[in-house]
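Close look at the chain arrangement
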Amino acid sequence: MGDLSGSFTYTGNDPFQGDFKAQLTYNGTYNNNCNLPPVTVESEIQVYLPPEMPTSGGDQAECASSPIQTLTAQVVQTPGASIVWYDAPTGGNVVPDPSLSSIGSETFYAEAVDDVSGCASLDRAPVTLTIYECNIVIEKNALNNDPNGCNAVPAGQDIDYAFTVTNIGNVEITDVELNDPLIDAVNPIPGPDSGDTNNNGILDVGEVWTYTASYTVTQPDIVNGQVVNVATVDGNVTGSSASFNVNDDDTETFTLCQNAEIEITKATDGDTSNCN
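This text gives an overview of the structure that appears in the document. (Residues numbered from 1 in each chain as written. Predicted model: local features only at pLDDT ≥ 70, side-chain atom pairs only at ≥ 80, totals over all residues. Heavy atoms only, no water.)

**Some remarks on the overall build of the chain**
Of the regular secondary structure elements, the chain holds one helix and 16 strands. Looking at the 276 residues of the chain, the share that counts as buried comes to 28%. Of all intrachain contacts in the chain linking residues separated by at least 6 positions in sequence, the fraction that spans at least 24 positions is 65%. As presented, the chain carries roughly 17,600 Å² of accessible surface, and 47% of it is formed by carbon and sulfur atoms. (Helix = DSSP H or I, 4+ residues; strand = E, 2+ residues; numbered from the N terminus. Buried < 20%, exposed > 50% of the residue type's maximum accessible area, 1.4 Å probe, protein only. Contact = heavy atoms within 4.5 Å. Areas by Shrake-Rupley, 256 points an atom, 1.4 Å probe, with all protein chains shown as cover.)

Below you can see the structure in the form of structure tokens.
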């Protein structure tokens, strides 16, 4: 008797899971037309369904800290299954440690593998980890400032300042606010005057915003011989679960001249008759 083979196609509406029974009945003759009684052979085959795809624990995005932190991909584990991480949605390489500890972004893919059958989920759950470089810089300059000497600015006249605010990181910054308490102790400096190229109110990567403001010199400033003030800039970077503050400050010193000149003019009316 030769090898026996065959196939069966399941046509049910729902995926089949459980015991599949194969039954084979055979009969025939042997030797000199001897009849072989019918023989039935049964075999049960356990059929498994692939497990459900894991549920992503959510993408993670944060500003880099110092020392830099480590982000680790998370999923909600499928009951009765183990998680295997890959570097691609299909195929790819197994990733033993789905984590990120450097500035940049990386996506890992979680596959569920049934602990009994070894069946793998048909799809993988993606989880993206991102560590941003969040950095903002302010530069403040007094216009027409003489760095090598004093500035002859009397009380009541203005010192004009120019400010630049630059996003030198790799992620957009929102809610940017420039403050200089000496110029205005209550309100932020209005602006920017220029630099917001798309007018979206967001300090995009590489953008340089410019501001201008003035301060009126007082007599106590003249007495002190200088005007020193600190400008600060603040903004926010939106992460996956929190907002991260970014800030910077810059100090500008404007030296004032204190030299006082007194001119005395002596005169006579020419009448010296009463001199003794």
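**Observations concerning unusual backbone geometry**
Residue serine 66 is joined to proline 67 through a cis peptide bond whose omega torsion reads -5°. When you line up the elements, proline 67 lands in the loop between β4 (60-63) and β5 (71-72). For the peptide bond that leads from glycine 191 to proline 192, omega is 10°, which places it in the cis range. With respect to the helices, strands and loops of the structure, proline 192 is situated in the loop between β13 (174-179) and β14 (208-216). Phi at aspartate 175 is positive, roughly 55°, even though this residue is not glycine. Relative to the helices and strands, aspartate 175 is located in strand β13. Taking relative accessible area as the criterion, aspartate 175 reaches 56% and is therefore assigned exposed.

**Comments concerning the sheet that holds strand β16 (residues 243-255)**
Strand order in the open sheet formed by three strands is β13-β15-β16, with antiparallel pairing between adjacent strands. Each end of this open sheet is capped by a strand with a single partner; those strands are β13 and β16. Between one strand axis and the next, the sheet turns through 10° on average, direction left out of account. Pairing of strand β15 (residues 226-238) with β16 involves 13 bridges; the strand directions are antiparallel. Along β16, the bridge assignment pairs aspartate 234 with asparagine 247. (Pairing = 2+ DSSP bridges. Axes fitted to C-alpha atoms, helices over the stretch in contact; angles between N-to-C directions.)

**Here's the deal with the state of the cysteines**
Structurally, a disulfide amounts to a covalent bond that connects the sulfur atoms of two cysteines. Counted according to the given criterion, the structure contains two disulfides. The side chain of cysteine 63 participates in a disulfide bridge whose partner is cysteine 134; the two sulfur atoms lie 2.0 Å from each other. Looking along the S-S bond of the cysteine 63-cysteine 134 disulfide, the torsion reads about -90°, which is the left-handed sense. Residue cysteine 63 is located in strand β4, and its partner cysteine 134 is located in the loop between β10 (125-132) and β11 (136-142); the two are separated by 71 residues in the primary sequence. The class for cysteine 63 is buried, based on a relative accessible area of 9%. With its sulfur 2.0 Å from that of its partner, cysteine 150 forms a disulfide with cysteine 257. What sets the handedness of the cysteine 150 and cysteine 257 disulfide is the S-S torsion sign, and at about 90° it is right-handed. Remark: cysteine 257 occurs in the segment after β16 and cysteine 150 occurs in the loop between β11 and β12 (158-167); sequence separation between them is 107 residues. Its relative accessible area of 33% is what places cysteine 150 among the partly exposed residues. With a relative accessible area of 22%, cysteine 257 lands in the partly exposed category. Cysteine pairing for the chain, with bonded cysteines counted in sequence order: 1-2, 3-4. (Disulfide = S-S within 2.5 Å.)

**Regarding the environment of serine 121**
On the secondary structure map, serine 121 appears in the loop between β9 (104-114) and β10. For the pair serine 121 and proline 54, spaced 67 residues apart in sequence, the C-alpha to C-alpha distance is 8.2 Å. Setting aside residues no more than four positions away along its own chain, serine 121 makes contact with Pro50, Pro51, Glu52, Met53, Pro54, Glu111 and Ala112. Side-chain polar atoms of serine 121 contact the backbone oxygen of aspartate 123, separated by 2.8 Å. (Polar contact = N/O pair within 3.5 Å; in protein donor to acceptor, adjacent residues only side chain to side chain.)

**A few points about the environment of glutamine 69**
On the secondary structure map, glutamine 69 appears in the loop between β4 and β5. Classification of glutamine 69 by relative accessible area gives buried; the value is 14%. Separated by 31 residues in sequence, glutamine 69 and leucine 100 place their C-alpha atoms 8.4 Å apart. Filtering out sequence-adjacent residues up to four positions away, glutamine 69 remains in contact with Glu62, Cys63, Ala64, Leu100, Ser101 and Ile131. In terms of polar contacts, glutamine 69 uses its side chain to reach the side chain of serine 65, at 3.0 Å.

**Re the pattern of salt bridges**
Scanning the entire structure with this criterion turns up two salt bridges. We note a salt bridge from arginine 124 to glutamate 111, for which the minimum N-O separation is 3.0 Å. A residue pair is termed long-range when its members are at least 10 positions apart, and arginine 124 in the loop between β9 and β10 and glutamate 111 in strand β9 qualify at 13 residues. A residue is classified by how much of its surface remains accessible, and glutamate 111, at 9% relative accessible area, is buried. We note a salt bridge from aspartate 180 to lysine 140, for which the minimum N-O separation is 2.4 Å. You can see aspartate 180 sitting in the loop between β13 and β14 and its partner lysine 140 sitting in strand β11, a full 40 residues away along the chain. With respect to burial, aspartate 180 and lysine 140 carry one shared label: buried. (Salt bridge = Lys/Arg side-chain N within 4 Å of Asp/Glu carboxyl O.)

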